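Residue-level listing of the chains:
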Amino acid sequence: MPKPIHEMSTWGASAQPAPDFEEQDDENWEATRQQPGLATQLMRDKDEYLAQAQRHVGRQVGQSQWELFVVIDPAEALQQQFDLLKPEYIALHDIGTVSSRRMLAGLAAATGRPVHQLHIRRQGLGMPLARLEFVELPVAPGQPVLRLYTTEIDADTQQRRRLSRLLLSHSRLAVVIVGDLPPHALATALLPLHEAIKEGPWHNRDLLMLPLAGASALAGQASNLAIGSAVQVRTTPLVTRPAEAWNYLRGTWNKLRLPLRDRAIHLPEIHEPPSAEAATVAPPSGANSLLESAIAPPRAPLPMQPMPPVRSTPPPSAKPADPALATYIRKCGELKGMVSCCVFELATQRTIGHAGARPGPAALASQGATLMASMAEAAHALNLGEAAPDAAITLGSHHQLLRAVPGRAGMALHAVLDRGLANLTLVRLQLQRLDLLLEDGDSA
């Protein structure tokens, strides 16, 4: 029987050899294939996704603990995180003082929040490479978290310098606390910051200088700090209390954020912490209680009570100072060419005694402890033993001497001498003779 016409037509239309379906699919789907150069980033878990949304470095693993695992140098890894997330934060840096970490502790106590720690570890091993500290500043509800980092970083010397520079250069606002330094030492202390801004890359555009002494001298030298760059340097009046430093920081940030709205950059506004919460939180040991008292409202006066009766016997007197050590410091100050010398505790940087003019005892103790720690760290890395360093440093017009105080565990001497007047070899011999004073004092 002949087939129907329509069936024959249909069959005839398909009588040609059917094309290869794989080739046909290739032609039809060519336009929707994956294009080179386009990458899809998958978040491993919810925590990583939220960290991206907050635009802050690290993954939170505890109430105040954050971790960042790296396979490369810590500074390079942090640089990559900043380039990817572009976080908005404030960096707090010290020059000639060690106040930034104490300020963080005071802020944490006043706001009832912890001091957070960001641990940078080696991937696969968990070996700690660096530890950064920060606090989360009080902002309005619903606004992004704003971190305040300190550049006092626990790491080896080279990494500490690189990470500090990285934190400063990528911050929205860099706050520099400058200690009590004479003019010639101030210029030397500001030189690394000036070179970092000049060499770049330096993304920061606002630098706030908080002088703890010599505000006029700092203002004159800070004006030359960023010549030839887009960085705007502001110097505040003399800061005598932690609360003043906090007010300058908060005021500068809140003024800074308003002009950035025209560039579609929305920064959170720093608020005062809740007064009740701030008033009930006691600062930890070593924190700045003045900061809490400035933020919290004044407390009600205590009720009047009668004076206690006067004791018939006077209270025992305080323990007298070490007479041998006092004589040792005085005779060190009388050496020819001696400008200033200080005996201090290495662990706490507490000044035991001082003789001479400037640099002052606080600056000598701070810088001396830093130099001693760097030399001890280098000796340990080179496997040169654990003996206390004894160093002489020659500068343009001065000598620096750093040595342990014999017979006084944990104490060191930091001395600055005029290079034109002092004979370095003779001074070191004289100091060895003065060591006998301490030995004679101990035997007595």
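The shown structure was predicted, so the numbers you read here are calculated from the model rather than taken from an experiment.

Enquirer: Can you lay out the packing of aromatic side chains for me, pointing to particular residues and giving the numbers?
Expert: A full pass over the atoms with the stated rule returns 4 aromatic pairs. Ring geometry for Phe-82 against Tyr-89: centres 5.5 Å apart, planes inclined by 25°, an arrangement best described as stacked. In terms of burial, Phe-82 and Tyr-89 fall into one category: buried. Taking the centre distance of 5.2 Å and the plane angle of 80° together, the rings of Tyr-89 and Tyr-149 count as edge-to-face. Of this pair, Tyr-89 sits in strand S3 (residues 89-95) while Tyr-149 sits in strand S6 (residues 147-150); the two residues are 60 residues apart in sequence, bridging distant segments of the chain. Across the pair, exposure class does not vary: Tyr-89 and Tyr-149 are buried alike. In textbook terms, an aromatic cluster arises when at least three aromatic residues are bridged by ring pairs, as seen for Trp-66, Phe-82, Tyr-89, Phe-134 and Tyr-149. For Arg-147, the ring lying beneath its charged end belongs to Trp-66, and the centroid distance is 4.5 Å.

Enquirer: Can you tell me about the nonpolar core, naming the residues and giving the values?
Expert: One finds Leu-132, Leu-193, Leu-207 and Met-209 to be the most contacted residues of the largest nonpolar core, which totals 43 residues. Residues in contact with Leu-207, not counting those within four places in the same chain, are Ala-174, Val-176, Leu-193, Ile-197, Leu-225, Val-231, Gln-232, Val-233 and Arg-234.

Enquirer: Provide a residue-level description of unusual backbone geometry, including the pertinent values.
Expert: Residue Pro-201 follows Gly-200 across a cis peptide bond; omega there is -5°. Position of Pro-201 among the secondary structure elements: in the loop between helix H7 (183-199) and strand S8 (206-211). The backbone of Lys-86 shows a phi angle near 50°, a positive value even though the residue is not glycine. Looking at the element boundaries, Lys-86 is found in the loop between helix H4 (74-85) and S3.

Enquirer: Residues and numbers for helix H6 (residues 157-169), please.
Expert: Here H6 spans 18 Å end to end across 13 residues, near enough to the 18 Å set by a 1.5 Å rise per residue. Every buried residue of H6 is listed here: Thr-157, Gln-159, Leu-163, Ser-164, Leu-166, Leu-167, Leu-168 and Ser-169. The N-terminus of H6 is capped by Asp-156, whose side-chain oxygen sits 3.2 Å from the backbone nitrogen of Gln-158.

Enquirer: If you had to explain the packing of H4 against H6 to someone new, which residues and values would you point to?
Expert: Two elements in contact, H4 and H6, have axes separated by 9 Å at closest approach and are oriented at 15°. Overall, the two elements H4 and H6 adopt an arrangement that is roughly parallel. In this structure, H4 meets H6 at a crossing whose hand is right-handed. Each of Pro-74, Ala-75, Glu-76, Leu-78, Gln-79 and Phe-82 in H4 lies in contact with H6, whose residues at this interface are Gln-159, Arg-162, Leu-163, Leu-166 and Leu-167. Residue classes in the contact of H4 with H6 are distributed as 7 nonpolar, 2 polar and 2 charged.

Enquirer: Run through the pattern of salt bridges, naming residues and quoting values.
Expert: In this structure the tally under the stated criterion is 14 salt bridges. Residue Arg-131 pairs with Glu-133 through a salt bridge whose shortest N-O separation is 2.7 Å. Look at the salt bridges and you will find they share partners, linking Arg-101, Arg-131, Glu-133 and Asp-154 into a network.

Enquirer: Before we move on, can you summarise the confidence of the model for the protein with the specific residues and values?
Expert: Confidence in the prediction for the protein averages 76 pLDDT; 75% of positions are at 70 or higher. pLDDT under 50 marks residues 21-27. Its contacts with residues more than four places away, or in other chains, come to 2 contacts.

Enquirer: Talk me through helix H9 (residues 242-257); I want residue IDs and the actual numbers.
Expert: Taking 1.5 Å per residue as the helical rise, H9 with its 16 residues ought to reach 22 Å, and the 23 Å between its terminal C-alpha atoms agrees with that figure. Buried within H9 we find Pro-242, Ala-243, Ala-245, Trp-246, Leu-249, Thr-252, Trp-253, Asn-254, Leu-256 and Arg-257.

Enquirer: Could you give me a rundown of the state of the cysteines, with the residues and numbers involved?
Expert: As enumerated under the stated definition, the model contains 0 disulfides in all. Among the cysteines around Cys-341, which has no disulfide bond, Cys-332 carries the closest sulfur, lying 5.4 Å off. With a relative accessible area of 0%, Cys-341 lands in the buried category. Of all cysteine sulfurs, the one in Cys-341 lies closest to Cys-342, which takes part in no disulfide; the gap is 7.8 Å.

Enquirer: Please give an account of the sheet that holds strand S7 (residues 173-178) that cites residues and values.
Expert: Spatially, S1-S2-S4-S5-S6-S3-S7-S8-S9 is the arrangement adopted by the 9 strands of the open sheet, whose pairing is mixed. Whereas interior strands pair on both sides, the edge strands pair on one side only; in this sheet they are strand S1 (59-60) and strand S9 (232-235). Taken together, the 2 bridges between S1 and strand S2 (residues 65-70) define a ladder with antiparallel strand orientation. Residue pairing for S2: Arg-59 is matched across the bridge by Glu-67.

Enquirer: Describe the pairing of strand S13 (residues 398-404), listing the residues and the values that go with them.
Expert: For S13, a buried count of 5 out of 7 residues is recorded, marking the element as mostly surrounded by other parts of the structure. As judged from the 4 bridges shared by strand S12 (residues 391-394) and S13, these two strands associate in the antiparallel manner. Directly across from Thr-394, in S13, lies its bridge partner His-399. Hairpin connection of S12 to S13: 3 residues between the antiparallel strands. Of the strand pairs in this sheet, S13 and strand S14 (residues 411-418) are connected by 7 bridges, and their pairing is antiparallel. Looking at the pairing, Leu-402 lines up with His-414 of S14. Between S13 and the antiparallel strand that follows it, S14, lie 6 residues; Gly-407 among them carries a positive phi value of about 75°.

Calculation rules
- Residues numbered from 1 in each chain as written.
- Predicted model: local features only at pLDDT ≥ 70, side-chain atom pairs only at ≥ 80, totals over all residues.
- Heavy atoms only, no water.
- Phe/Tyr/Trp six-rings, centres within 6.5 Å; stacked < 30°, edge-to-face > 60°.
- Buried < 20%, exposed > 50% of the residue type's maximum accessible area, 1.4 Å probe, protein only.
- Helix = DSSP H or I, 4+ residues; strand = E, 2+ residues; numbered from the N terminus.
- Lys NZ or Arg CZ within 6 Å of the ring centre and 35° of its normal.
- Core = buried A, V, L, I, M, F, W, Y, C linked by side-chain atoms within 4.5 Å.
- Contact = heavy atoms within 4.5 Å.
- Expected span 1.5 Å × (residues − 1).
- Polar contact = N/O pair within 3.5 Å; in protein donor to acceptor, adjacent residues only side chain to side chain.
- Axes fitted to C-alpha atoms, helices over the stretch in contact; angles between N-to-C directions.
- Parallel < 35°, antiparallel > 145°, perpendicular 65-115°, else oblique.
- Left-handed = near helix turned anticlockwise from the far one by under 90°.
- Nonpolar A, V, L, I, M, F, W, Y, C, P; charged D, E, K, R; others polar.
- Salt bridge = Lys/Arg side-chain N within 4 Å of Asp/Glu carboxyl O.
- pLDDT = per-residue confidence, 0-100.
- Disulfide = S-S within 2.5 Å.
- Pairing = 2+ DSSP bridges.

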